[in-house]
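Each chain is listed here by its residues.
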Amino acid sequence: MNCKDLTDYAESVLSGSRPSGKWVYAACRRFMTDLERKDVTLDAAAVDHALEFFSRLPLVGEDTGKPFVLHPWQRFVIGNLVGWRNADGRRRFKLGMLQVARGNGKTTLMAGLALWDLLSGDGKRVHVIANNEDQAGICLDTARTMAAKFADPTMVVRFDRVLRPSHDCEMNALPALERSLDGLNPSLWIADEAAEFKGRFLTKLLTTGAKRRESLGVIISTPGSNPENHYAELVKQAEAVLSGEVDDDTMFPMLYGIDQGDSVGDEEHWPKANPGMEHGQPDMVSLRRSWNTMKRSAMGRSEFTRYHCARADENTGGWLDMALWPGGKAIQWDDLRGRPAWLGL
């Protein structure tokens, strides 16, 4: 029973044998607590069905032709999203939130989830949404390539979508514009790099699918640079759910990343943001090379913090590299008297 895979992952995080940040630890603690509840249940058959489906999908790119072997963290995410049921039998989670560093395969994972939903019934509508159609097309193209090699005669692969005409099912890519949401009634939507969405687009997106008995939305992203946008608000809400401050049984947050007190340059902390590192996705050599290049400037360190350590960093650049600021030292004002001074406003 694949539910044991989920339990094993949670226990490895809680025991400390698998490096994890504060919020992943909280998510695993929530999972173990929920197993004892009577009002929600983890449907082992649903978990088995989804994970077995992934094992039949072919990978793309450098791994073309190889079977899609899910990493433990990926099994945990998929199992939680599709497995939990309320007392009435409906799916528990309506919104999933996956924040993880670049290079861990989140887009490929979502392409597989999209195909799983597309093949799971009639009348399915699956939408991949990103800042522009080209970016959304990355996930769609991955799904198209998988579908073309997947032995299911009901699927038809077009240049801009995947169809199941006999079951009235369709998957496509959309730009993050409010007009894209008009009349949308998705069974599954995936918001790629949602931290970069403009305005209040996410607000409207979260209301789609209300007409369906079951609808799932999944936000995948690295942290954003704007602490005031809607994505940042959702992160705060997710943290409140995981900490127990807010009771929201419809949200499944999985927020990978180094902790606030961790040093960005400390390699021991990088697996907290990169759960695929233990399987070489990404590998230490590549991350180390990126750090050695990016650490030379304030902008580079900020981008490494966000993209490779999955921790929000508001220092997105500026005229002064704060690494050169001699903080913590007493200023000898008399020694500076009479010398030129510059003031920046």
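Parameters and conventions
- Residues numbered from 1 in each chain as written.
- Predicted model: local features only at pLDDT ≥ 70, side-chain atom pairs only at ≥ 80, totals over all residues.
- Heavy atoms only, no water.
- Helix = DSSP H or I, 4+ residues; strand = E, 2+ residues; numbered from the N terminus.
- Buried < 20%, exposed > 50% of the residue type's maximum accessible area, 1.4 Å probe, protein only.
- Contact = heavy atoms within 4.5 Å.
- Expected span 1.5 Å × (residues − 1).
- Pairing = 2+ DSSP bridges.
- Axes fitted to C-alpha atoms, helices over the stretch in contact; angles between N-to-C directions.

Asker: Lay out the environment of Phe76 in plain terms, naming residues and giving numbers.
Answerer: Along the chain, the position of Phe76 falls in helix H4 (residues 72-83). Given a relative accessible area of 0%, Phe76 falls into the buried group. For the pair formed by Phe76 and Tyr9, sequence separation is 67 residues and the distance between their alpha carbons is 6.9 Å. Not counting chain neighbours up to four residues away, the residues in contact with Phe76 comprise Leu6, Tyr9, Ala10, Cys28, Phe31, Phe252 and Met254.

Asker: Outline helix H5 (residues 106-118), supporting the account with residue identities and numerical values.
Answerer: Taking 1.5 Å per residue, 13 residues should reach 18 Å; H5 reaches 18 Å between its end C-alpha atoms and fits that length. The element H5 is extensively covered by neighbouring structure, given that 12 of its 13 residues are classed as buried.

Asker: Could you give an account of the sheet that holds strand E9 (residues 216-221), naming the residues involved and the relevant values?
Answerer: Two orientations exist for strands paired in a sheet by backbone hydrogen bonds: parallel and antiparallel. Pairing is mixed in the open sheet, where 8 strands are placed in the order E5-E6-E7-E4-E8-E9-E3-E10. The open sheet has two edge strands with one neighbour each: strand E5 (156-157) and strand E10 (251-255). By the bridge criterion, 6 bridges tie strand E4 (residues 125-130) to strand E7 (residues 169-175) in an arrangement that is parallel. Its bridge partner being in E7, Val128 is matched across the sheet by Ala173. On top of the sheet, H4 reaches strand E3 (95-99), E9 and E10; it is set at about 170 degrees to E10, its chief contact.

Asker: Now, about the pairing of strand E6 (residues 161-164): what can you tell me, with residues and values included?
Answerer: Every other side chain in a regular strand lies on the same face of the sheet, so the side chains alternate between the two faces. Of the pairings in the sheet, the one linking E5 to E6 comprises 2 bridges and is antiparallel in character. Residue Val157 lies in a different strand from E6, and its bridge partner there is Val162. The antiparallel pairing of E5 with E6 creates a hairpin that spans 3 residues between the two strands. Bridge analysis of E6 against E7 gives 4 bridges, and the strand direction is antiparallel. Residue Leu163 lies in a different strand from E7, and its bridge partner there is Glu170. Two successive antiparallel strands, E6 and E7, enclose a turn made up of 4 residues, where Asp168 displays a positive phi of approximately 55 degrees.

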